[in-house]
Amino acid sequence: MTSPQQQTAATGDGAALLDEVEAFHRRFNVFPLDAAYVAVVLWDGHAHLLDCFDSTPRLAFLSPEPGSGKSRALEIVETLVPQPMAAVNASPAALFRAVSGAEGRPTILFDEIDTVFGPKAGDNEELRGFLNAGHRRGQLTYRCVGDGGNQSVQGFPSYCGVAVAGLGSLPDTILTRSVIIRMRRRARNERVEPFRHRLHAAEGHVLRDRLAKWAESVRPMVEGVFPLMPEEVTDRPADVWEPLIAVADAAGGQWPERARAACVELVNAAKVDDKGSIGIRLLTDLRDHVLSGIDRLPTVAVLERLHSLDEAPWADMGGRPLDARGLAKMLREYMTGDNRPISARNIKASGSVMKGYYTADLADAWQRYCPPPPESPLLPLPPLPSRSET
């Protein structure tokens with residue numbers, strides 16, 4: 001049992017040690033926000049305490065363009081975490097075996113993740129399943145093993161730390177389990193020290209070994225502890241950040257305060273960046289741009305307004321604009337307030353009856369799935385000259 005005096009000493013040492021880890025990152029990495037340095041340092045620390053937590057967040061360095069420092073960020077993380085395993089070309093089967101192997105659980109570092117989940121890469125459901133299952137402690141990934149008819153079902157442990165880097169985005173199921181760092185190219189006035197692996201990796205390894213030793217000293221302070229989270233961070237984001245906040249609390253000093261501020265900042269940034277699923281994007285566009293201030297609208301008018309939205313996908317869905325059939329199929333996945341699938345209903349327009357959508361039918365789905373509306377909602381579009389509502 002750790003004495004109060006030992007805990008105090010370990011906490012003080014922890015704050016200073018995390019300061020050093022942050023300084024090491026700042027020598028070689030330019031992150032877009034100070035909050036990103038806090039998050040990455042705490043992620044490095046949590047990797048040494050994985051069995052103390054119910055889940056482990058994925059760390060995702062993402063950018064729209066090459067040359068944004070993603071691979072270098074992953075390279076520095078590699079020097080600081082236990083048993084790093086570079087997995088650029090690793091198959092799902094190899095990852096299953098590595099995580100469940102006798103050599104000990106690796107920390108998986110997946111560069112160029114866009115080659116796995118990008119638009120030209122296919123679905124890679126097996127790897128996606130592995131990354132999703134490995135987020136939570138105790139989850140197994142089941143596979144058939146053996147030859148021919150002599151096969152049996154075997155469960156492979158998949159709980160492990162994973163950091164990824166890549167262009168674009170990630171599948172929603174992985175994004176929601178991740179601390180997301182949106183990287184960008186360095187400006188001309190942003191300088192970093194060149195990273196020389198033969199020289200600097202050894203410095204990182206010294207910090208890694210000190211992190212491991214400190215982690216062992218604070219394990220009783222972290223294991224089974226659920227830290228106080230910022231009030232506005234709940235549900236999946238709270239699951240993602242709890243291990244990092246716990247590490248910050250164990251370190252003490254300014255880290256608990258910095259961690260909670262970084263948590264709120266990055267969670268809010270993720271909400272702004274996250275367009276949600278394509279269904280949620282549709283619901284949100286219908287609320288904010290199509291049916292704003294209108295109680296009903298014929299399907300043809302709904303589609304015309306959707307197609308006219310800038311930076312929206314509706315005018316080009318796989319080479320063709322969204323049509324009435326596609327719109328109906330997407331909206332049927334959501335329910336009205338009285339638990340019926342949202343569907344087109346009759347609307348009287350121009351002396352005839354047309355199919356269309358009612359605001360009242362969508363209101364419950366808007367409340368449940370969409371982000372809060374803009375503080376200054378846009379004025380509704382003017383009525384289409386060829387259609388009028390009655």
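Right above here is the structure, for reference.
No experiment lies behind these values; they were computed from the predicted model shown.

The rules we used
- Residues numbered from 1 in each chain as written.
- Predicted model: local features only at pLDDT ≥ 70, side-chain atom pairs only at ≥ 80, totals over all residues.
- Heavy atoms only, no water.
- Pairing = 2+ DSSP bridges.
- Helix = DSSP H or I, 4+ residues; strand = E, 2+ residues; numbered from the N terminus.
- Axes fitted to C-alpha atoms, helices over the stretch in contact; angles between N-to-C directions.
- Core = buried A, V, L, I, M, F, W, Y, C linked by side-chain atoms within 4.5 Å.
- Buried < 20%, exposed > 50% of the residue type's maximum accessible area, 1.4 Å probe, protein only.
- Arc of directions from axis to C-beta.
- Contact = heavy atoms within 4.5 Å.
- Patch = residues over 30% accessible without salt bridge, like charges linked within 9 Å, V, L, I, M, F, W, Y side chains within 5 Å.
- Areas by Shrake-Rupley, 256 points an atom, 1.4 Å probe, with all protein chains shown as cover.
- Salt bridge = Lys/Arg side-chain N within 4 Å of Asp/Glu carboxyl O.
- Polar contact = N/O pair within 3.5 Å; in protein donor to acceptor, adjacent residues only side chain to side chain.

Quick notes on the sheet that holds strand β8 (residues 296–298)
Ordered in space as β8-β10-β9, the 3 strands form an open sheet in which the pairing is antiparallel. Unpaired on one side and paired on the other, β8 and β9 (345–349) mark the two borders of the sheet. Ignoring which end each strand starts from, the neighbouring axes of this sheet average 55° apart. Where β8 meets strand β10 (residues 352–358), 3 bridges bridge the pair, whose relative direction is antiparallel.

With respect to the nonpolar core
Of all hydrophobic cores here, the largest spans 62 residues; its most connected members are F61, I181 and W241. In terms of residue count, the dominant contributor to this core is helix α9 (residues 235–251) (10 residues). Grouped together as the second largest cluster of nonpolar side chains are 27 residues, L291, V302, W314 and Y334 included.

Structural notes on helix α13 (residues 324–331)
Of the residues making up α13, those classed as buried are L327, A328, M330 and L331. Burial along α13 is one-sided: seen end-on, the buried residues are contained in an arc of 165°. Turned more than 90 degrees away from the buried face of α13, the exposed residues are R325 and K329. Check the buried side of α13 and you find it contacts α11 (278–290), α12 (299–307), β10 and α14 (359–369).

What to know about a nonpolar patch on the surface
Together, L140, Y142 and V153 make up a nonpolar patch on the protein surface, roughly 310 Å² of accessible area in all. Relative to the helices and strands, L140 resides in strand β4 (residues 140–147).

So, the pattern of salt bridges
Scanning the model with the defined rule gives 19 salt bridges in all. The residue E20 makes a salt bridge to R210 at a minimum N-O spacing of 2.9 Å. Of the two residues, E20 is situated in helix α1 (residues 4–28) and R210 in helix α8 (residues 197–222); the sequence distance between them amounts to 190 residues. Judged by relative accessible area, which is 35%, E20 ranks as partly exposed. With its nearest N and O atoms 3.3 Å apart, the salt bridge here joins R340 to D338. Overlapping salt bridges bring together E22, R26, D34 and R258 as one network.

Notes on the side chain of D361
Looking at where D361 falls in the secondary structure, it is placed in helix α14. Overall, D361 belongs to the buried group, its relative accessible area being 9%. Looking at D361, its side chain comes within polar contact range of the side chain of R345, at 2.9 Å. The contact partners of D361, leaving out residues within four places of it in the chain, are M335, T336, I342, S343 and R345.

A closer look at the environment of T141
Counting through the fold element by element, T141 comes out in strand β4. Sequence separation between T141 and P157 is 16 residues; the distance between their C-alpha atoms is 6.4 Å. For T141, the residues in contact, after removing those within four places along its chain, are F96, F130, A133, Q154, G155, F156 and S158.

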